[in-house]
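Structural description and commentary
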Amino acid sequence: MQKASLDTVTMLMLPLRLYLIKLVMDRIQQWGQPTSDRESLFLACAGLALLMTAAAFIGSSSLLKHTRIYEIGTLLKERLIVEKTASLPLRAVETPSVQDVRRRALLYAPDAVCLEGMSLLIQSMQAILLTGLICWMGYWPLAVGLLLLGCGQSWLYAAIGSRLERTQTKQATSLRLADHLHQLLIAEVPAKEIRIFGLHSLLQQRWLDYSRDAGKQNEQAVARSERQKLLPELSFSLISGIAILLIILSSSTNISTAGDYVVLFQCVTLLAGAIPSVVKQVGSLSQMAVHCENFKAYIQHPDDRTTYNHNQQQRGNIPEQASGPIGLRTEQLTFRYNVSPTDRLAALDDISFEMERGTKIAIVGENGSGKSTLVKLLLGLYRPDAGEVHWLTKEGNVQAGHPTYRTAAVFQDFNRYQMRLRDNVAIGDVMKVTDDAAITEALAKAGLREWHTSLDDTIGTAFGRFDLSGGQWQKVAAARAYMRGDCFLVFDEPTSALDPQAEREAFADFLRAAEGQTAILVTHRLGAAKLADTILVLKDGRLVEQGTHAQLMTAHGEYERLYRLQAAWYV
Ligand SMILES: Nc1ncnc2c1ncn2[C@@H]1O[C@H](COP(=O)(O)OP(=O)(O)OP(=O)(O)O)[C@@H](O)[C@H]1O
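- The name recorded for the chain in an unreviewed UniProt entry is ATP-binding cassette subfamily B protein, from Paenibacillus cellulosilyticus.
- Taken directly from UniProt, the Subcellular location (unreviewed entry) text for the chain runs: "Cell membrane".

So this is what it looks like as structure tokens:
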């Protein structure tokens with residue numbers, strides 16, 4: 001950054017500097033002669049000193065300006081990436097290849113492009129100015145030759161730069177795996193299991209293998225590009241050396257004084273220095289251009305046009321209305337996950353059911369039967385591959401996820417916000433962040449009737465003074481959902497971290513809090529499921545049974561099998 005500003009100053013002052021150098025040299029040549037002009041010699045020396053001081057001063061003051069450019073550029077880029085991520089469909093956010101593009105998009109540095117571009121412009125102008133001066137002094141074949149050689153080299157560097165960057169892009173998978181393993185090795189949560197199972201060396205070895213694999217490919221690409229640069233660089237140095245030698249040996253009509261000679265010499269050496277620096281900047285700009293392409297690819301990734309963007313509600317684009325509970329209707333719902341570029345896994349197949357407004361559904365089934373996936377479709381977080389999910393409202397049927405209707409959910413992997421306890425709960429209804437009574441009531445509904453802290457204490461050891469247990473965190477997540485008031489409520493395995501007493505209370509709380517609301521409970525506890533109005537039984541992504549507990553028990557199907565298995569376990 002400092003270099004770019006110094007380059008500007010140097011370039012702008014170059015003609016004056018060369019003129020003063022010529023003056024100094026000419027006056028020194030005339031020293032002792034009757035025509036010698038000591039006064040102008042001293043003035044020229046003082047001028048040169050002043051120029052150097054000014055260059056240093058301007059260079060350091062513009063450092064501040066460039067730091068500002070850096071801050072603005074980085075923040076702007078990151079803000080755009082954050083906003084884009086918020087507008088992407090949830091599936092895209094979860095897709096590794098999209099995550100890779102985002103990772104590489106973050107390498108894009110608009111401030112560096114701006115400064116490097118500025119510097120390139122200045123250096124190129126300086127090279128053109130120097131070429132002009134050398135031509136004017138009668139050495140045009142030399143100047144034009146150096147310039148042409150520089151252009152050829154720039155083209156080569158640009159090609160090498162972008163090829164190198166593309167090679168690095170291809171290592172995305174190895175780098176992703178290496179990053180994941182590195183995170184496992186250093187993060188707080190995995191540390192326990194890694195120690196207990198003695199996994200450190202194994203994971204470290206794998207991390208090193210993936211890193212080395214990516215590093216090796218990178219190293220090979222860098223070595224190849226350096227080899228490709230070697231010959232042009234050597235020939236340029238050789239030709240510059242010959243050019244300087246030619247100047248020393250030859251003479252021109254335009255060179256009459258020692259000053260002219262020194263100026264010519266300076267011009268050639270400066271040009272020989274400026275051209276490689278232009279060439280390198282062209283190379284690094286073409287690498288940056290690939291980062292820019294990644295950034296563009298991420299920003300242009302199709303937005304969430306098919307589902308409602310849940311952020312719109314928060315941004316206030318769509319006025320929120322209290323519209324009472326919703327019902328649900330799904331028609332031949334099918335959903336597949338992309339497990340590889342060619343393979344898709346059918347997680348849900350041909351699911352059809354209807355649920356009246358204000359009722360409670362329990363979704364049960366073995367692990368991997370598709371419960372969480374179905375919930376995401378019902379909430380409008382995923383769009384089905386085939387079929388439809390409708391919300392049945394007082395105002396008519398709308399597509400799932402419509403932002404006018406409030407939803408609240410407690411997922412298995414709920415968030416732990418390192419904020420005040422008050423904020424953690426009030427996220428459910430930000431308008432009530434100062435309403436202590438409402439927050440305390442939501443916490444009580446979730447089973448947190450006593451806690452040893454103030455609502456204003458930050459929780460999470462990273463920023464606060466204390467942390468909560470897993471079960472307490474889960475209760476805070478439930479309180480957040482209760483804080484939301486009248487809404488479509490979804491609990492996806494909300495009691496996994498609770499003790500049996502707390503679990504019973506949590507189910508009772510859930511039923512009480514969901515009174516009059518439409519609510520879905522995903523659970524493996526069939527004892528809790530039997531309290532729901534309807535139970536949906538999933539098996540291998542298909543809805544195999546639905547009905548009340550009594551109906552399903554008499555049907556002697558999958559539900560009865562699961563129920564008896566659990567009952568036998570508890571006897
Ligand atoms: N992000 C994903 N990418 C690819 N496949 C997935 C993804 N999430 C889930 N699956 C697959 O989809 C199927 C259904 O998963 P889902 O999480 O919906 O099951 P579940 O019934 O909620 O399971 P559990 O009871 O264990 O929570 C599983 O076979 C799972 O492997």
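**As for the overall build of the chain**
- For the chain, the count of helices and strands is 19 helices and 10 strands.
- Counting contacts in the chain only where the partners sit at least 6 residues apart, residues at least 24 apart contribute 74% of the total.

**Considerations on helix α7 (residues 172-186)**
- Here α7 contains 15 residues, and its C-alpha end-to-end distance of 21 Å stays within 8% of the 21 Å for a straight helix at 1.5 Å per residue.
- L175, A178 and L181 are the residues of α7 that are buried. The arc enclosing the buried residues of α7, seen along the axis, measures out at 130°, which places them on a common side.

**Let's talk about the environment of E116**
- Among the secondary structure elements, E116 is positioned in helix α5 (residues 110-136).
- For the pair E116 and M288, spaced 172 residues apart in sequence, the C-alpha to C-alpha distance is 9.7 Å.
- Discounting chain neighbours no more than four positions away, the residues touching E116 are Q281, S284, L285 and M288.

**A short note on the pairing of strand β2 (residues 344-355)**
- Pairing of strand β1 (residues 327-338) with β2, which is carried by eight bridges, proceeds in the antiparallel orientation. Paired with N338 across the two strands is R344, which belongs to β2.
- Linking β1 to β2, which pair antiparallel, is a turn of five residues.

**Structural notes on the sheet that holds strand β4 (residues 386-393)**
- Taken together, the four strands give an open sheet; going across it, the order is β2-β1-β4-β5, and neighbouring strands pair in antiparallel fashion. Edge positions in the sheet fall to β2 and β5 (396-399), since each has one partner strand and no second. The sheet shows a mean angle of 25° between the axes of neighbouring strands, taken without regard to direction.
- Strand direction decides the pairing type here: β1 and β4, joined by six bridges, are antiparallel. Bridged to T334 within β4 is A386.

**Some words on the site of the ligand**
- The ligand sits among 13 residues. The nearest are Y337, N367, K371, S372 and T373.
- Within the residue set of the shell around the ligand, elements represented by two or more residues are β2 and α12 (371-379).
- A per-class count over the shell around the ligand returns four nonpolar, seven polar and two charged.

**Remarks on the pairing of strand β6 (residues 407-410)**
- Residues of β6 alternate between two faces, with T407 and A409 on one and A408 and V410 on the opposite face, all of them buried.
- As paired strands, β6 and strand β7 (residues 488-492) are joined by four bridges and run parallel to one another. In the strand pairing of β7, T407 is matched with F488.

**With respect to the sheet that holds β7**
- Taken together, the six strands give an open sheet; going across it, the order is β6-β7-β8-β3-β9-β10, and neighbouring strands pair in mixed fashion. If you trace the sheet from one side to the other, it starts and ends with β6 and β10 (542-547), each paired once. Geometrically, the sheet is characterised by an average inter-axis angle of 15° between neighbouring strands, direction not taken into account.
- The pairing of strand β3 (residues 360-365) with strand β9 (residues 534-539) spans five bridges and is parallel. Of the residues in β9, the one forming a bridge with I361 is T534.
- Set on the sheet, α12 makes contact with β3, β6, β7, β8 (519-522) and β9; between it and β8 the angle comes to about 160°.

**Focus on the packing of helix α6 (residues 140-170) against helix α10 (residues 258-299)**
- Look at α6 against α10: their axes get within 7 Å of each other, and the N-to-C directions meet at 25°. It follows from the interaxial angle that α6 and α10 lie roughly parallel. For the pair α6 and α10, the crossing hand works out as right-handed.
- Each residue belonging to the contact of α6 with α10 can be placed in one class, and the counts come to 14 nonpolar, nine polar and three charged.

**Focus: α6**
- In a regular helix each residue adds 1.5 Å, so 31 residues correspond to 45 Å; α6 covers 45 Å between its end C-alpha atoms and thus fits that length.
- For α6, every residue scored as buried is listed here: L142, A143, L146, G150, Q153, S154, Y157, I160, G161, L164 and E165.

**Section: unusual backbone geometry**
- The backbone phi angle of D350 is positive, close to 55°, even though this residue is not glycine.
- Inspection of the secondary structure puts D350 in strand β2.

**Some thoughts on the domain arrangement of the chain**
- When the domains of the chain are assigned, the result is domain 1 (2-299) and domain 2 (413-485).
- Each of domain 1 and domain 2 was reduced to a C-alpha centroid, and the two centroids are 51 Å apart.

**So, the packing of α5 against α10**
- Running from amino to carboxyl end, α5 crosses α10 at an angle of 150°, the nearest separation of the two axes being 8 Å. The angle between α5 and α10 falls in the class roughly antiparallel. In this structure, α5 crosses over α10, and the sense of that crossing is left-handed.
- The residue makeup of the contact of α5 with α10, split by class, is 19 nonpolar, nine polar and one charged.

**A closer look at the environment of L75**
- When you line up the elements, L75 lands in helix α2 (residues 38-87).
- According to the C-beta neighbour criterion, L75 is exposed, with 11 such atoms within 10 Å.

**Section: the environment of Q153**
- Assignment of secondary structure puts Q153 in helix α6.
- The class for Q153 is buried, based on 22 C-beta atoms found within 10 Å.
- Separated by 130 residues in sequence, Q153 and G283 have C-alpha atoms that sit 9.5 Å apart.
- In contact with Q153, not counting residues within four places along its chain, are P232, F236 and V279.

**Here's the deal with the confidence of the model for the chain**
- Looking at the chain, the pLDDT average stands at 82 and 88% of residues meet or exceed 70.
- With pLDDT under 50 throughout, residues 313-319 is counted as low confidence; its partners more than four residues away or in other chains account for seven contacts.
- As a predicted assembly, this complex carries a pTM of 0.74 together with an ipTM value of 0.97.

Rules and cut-offs
Residues numbered from 1 in each chain as written. Predicted model: local features only at pLDDT ≥ 70, side-chain atom pairs only at ≥ 80, totals over all residues. UniProt positions renumbered as here; feature names shortened; annotations may be inferred. Helix = DSSP H or I, 4+ residues; strand = E, 2+ residues; numbered from the N terminus. Contact = placed C-beta atoms within 7 Å. Expected span 1.5 Å × (residues − 1). Buried ≥ 20, exposed ≤ 12 C-beta atoms within 10 Å, placed from the backbone. Arc of directions from axis to C-beta. Pairing = 2+ DSSP bridges. Axes fitted to C-alpha atoms, helices over the stretch in contact; angles between N-to-C directions. Near = placed C-beta within 6 Å. Nonpolar A, V, L, I, M, F, W, Y, C, P; charged D, E, K, R; others polar. Parallel < 35°, antiparallel > 145°, perpendicular 65-115°, else oblique. Left-handed = near helix turned anticlockwise from the far one by under 90°. Domains from an automatic or database assignment. pLDDT = per-residue confidence, 0-100.

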